[in-house]
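# Chains, contacts and geometry: an overview
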Amino acid sequence: MDHLVTIAIPAYKVTYLKQAVESAVRQTYRDIDVVVVNDHSPYDVDHVMDSFNDVRIRYYTNDKNIGGTDLVAQWNKCLSYAQGEFFCLLCDDDVYHPDFVKELVALSERYPTVDVFRARTKEIDIKGNINDVFPSSPEYETAYDYMWQKWKGVRRQTVSEFMIRTQHAKQLGGYYSLPRGWGSDSLSVFLFGMKNGIVSSTSILTCFRVSGENISSVFTDDAEEKMMAAERYREKSLELIRNCEDEEMRFLLFKYEKTDYMARVRYILSRSTFWTSLKIKHRYKIGLGVFLKACWYKL
């Protein structure tokens, strides 16, 4: 194995940042390049990074905060610094198992034409205790298989669990930007894997931390932005489905995409104020049944 792998950490929060960086530099696979990009954080990221003395770490600071207005722009900023053949994006409160890179690189050698590799993930709390384990996946599946399973609710994912061929990701323009980054991780994986599929490890090699500091965990009345994200996510998904040559799979994709979309709409409406929900209902012509169900979830 002589493939350089870039692990990039978009840094803003500091509570678990040291653990994230430690999990990167403690990989049993040694040919790694660790990039930490401080997104002009108001917290003392410098202090955390000063505790490391490893020549494999490159540390950058953005001139201004970009993730606050465009989360995916920060992901792609990290990607722009990548020098490795492969690229991994590790969120600043998530953690890698020491064999994360080693196992995924081994899979890449078994599947030399595939561009997307992923590990199984467990969900942990603020103390590192396990909450849940994400479902396992077959070792190889097409992007369409993955989409179908994701929309059926059989797949769960976080952006941290993936290793992508760097040049492939850059050639496609990087991660796909949506408002608030809502759905960008899933849609980016669909696009990255569309040509040659997705390969998964059955080993649990990533820890996704539910800390209350995650963007998805913090409640703000951003329902209108998320609704725009849901619409753009759907538009791009339908475009991909129309290109599926398998008629039966195309039928199933259309069916479960609609199910996924309606679940997103109910979630958005249930977490917004009543008047914002009403505005969204009228603007996007949301059915009364969906609207009332979302209102029930508020109670």
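Residues numbered from 1 in each chain as written. Predicted model: local features only at pLDDT ≥ 70, side-chain atom pairs only at ≥ 80, totals over all residues. Heavy atoms only, no water.

## A short note on the side chain of T206
Locating T206 in the fold gives a position in strand 10 (residues 198–209). For T206, the residues in contact, after removing those within four places along its chain, are V95, Y96, F100, A119, R120, T121, K122, S160 and E161. (Helix = DSSP H or I, 4+ residues; strand = E, 2+ residues; numbered from the N terminus. Contact = heavy atoms within 4.5 Å.)

## Structural notes on the packing of aromatic side chains
Counted by the stated rule, this structure contains 14 aromatic pairs. Between Y12 and Y43, the aromatic rings sit 5.9 Å apart at their centres with planes inclined by 85°, giving edge-to-face as the arrangement. Here Y43 lies in the loop between strand 2 (32–38) and helix 2 (45–50) and Y12 lies in the loop between strand 1 (5–11) and helix 1 (17–25), a separation of 31 residues in the sequence. Classification of Y12 by relative accessible area gives partly exposed; the value is 33%. Taking relative accessible area as the criterion, Y43 reaches 46% and is therefore assigned partly exposed. Taking NZ or CZ as reference, K152 lies 5.8 Å from the ring centre of Y256, over its face. (Phe/Tyr/Trp six-rings, centres within 6.5 Å; stacked < 30°, edge-to-face > 60°. Buried < 20%, exposed > 50% of the residue type's maximum accessible area, 1.4 Å probe, protein only. Lys NZ or Arg CZ within 6 Å of the ring centre and 35° of its normal.)

## Re unusual backbone geometry
Backbone geometry places H40, a non-glycine residue, at a positive phi of 50°. With respect to the helices and strands, the residue H40 is situated in the loop between strand 2 and helix 2. Phi at R180 takes a positive value of approximately 65°, unusual for a residue other than glycine.

## Quick notes on the side chain of R56
Position of R56 among the secondary structure elements: in the loop between helix 2 and strand 3 (57–61). Within the local environment of R56, its side chain forms a polar contact with the backbone oxygen of R30, the two atoms lying 3.5 Å apart. Apart from the residues lying within four places of it in its own chain, the contact partners of R56 are V25, R30, I32, D33 and V34. (Polar contact = N/O pair within 3.5 Å; in protein donor to acceptor, adjacent residues only side chain to side chain.)

## Overview of the packing of helix 5 (residues 143–152) against helix 9 (residues 247–270)
Axis separation between helix 5 and helix 9 bottoms out at 8 Å; the angle between their running directions is 35°. Two packed elements cross with a definite hand, and for helix 5 against helix 9 that hand is left-handed. Between helix 5 and helix 9, the contacting residues are Y144, D145, M147, W148, W151 and K152 on the first element and M249, L252, L253, Y256, E257 and D260 on the second. (Axes fitted to C-alpha atoms, helices over the stretch in contact; angles between N-to-C directions. Left-handed = near helix turned anticlockwise from the far one by under 90°.)

## Overview of the pairing of strand 1
Two faces, one strand: in a regular strand the side chains alternate between the faces of the sheet. Most of strand 1 sits inside the fold, with 7 of its 7 residues counted as buried. Side chains of strand 1 alternate between two faces, with V5, I7, I9 and A11 and T6, A8 and P10 buried alike. Regarding the hand of the β-α-β motif, the stretch spanning strand 1, helix 1 and strand 2 is right-handed. Relative to strand 4 (residues 86–89), strand 1 is paired through 4 bridges, and the arrangement is parallel. In the strand pairing of strand 4, A8 is matched with L89. (Right-handed = clockwise from strand over helix to strand, strands pointing away. Pairing = 2+ DSSP bridges.)

## Re helix 1
Taken residue by residue, helix 1 has L17, A20, V21, S23, A24 and V25 as its buried positions. Where helix 1 is buried, its residues touch strand 1, strand 2, helix 2, strand 3 and strand 5 (95–96).

## Some details on the pairing of strand 10
Taken across its 12 residues, strand 10 has 9 buried, putting it largely inside the fold. Pairing of strand 5 with strand 10, which is carried by 2 bridges, proceeds in the antiparallel orientation. Considered in strand 10, the bridge of Y96 is made with T206. Bridging between strand 6 (residues 116–124) and strand 10 involves 8 bridges; their strand directions are parallel. Opposite R118, over in strand 10, you have S200 as the bridge partner. Note: strand 8 (residues 140–141) against strand 10, 2 bridges, orientation antiparallel.

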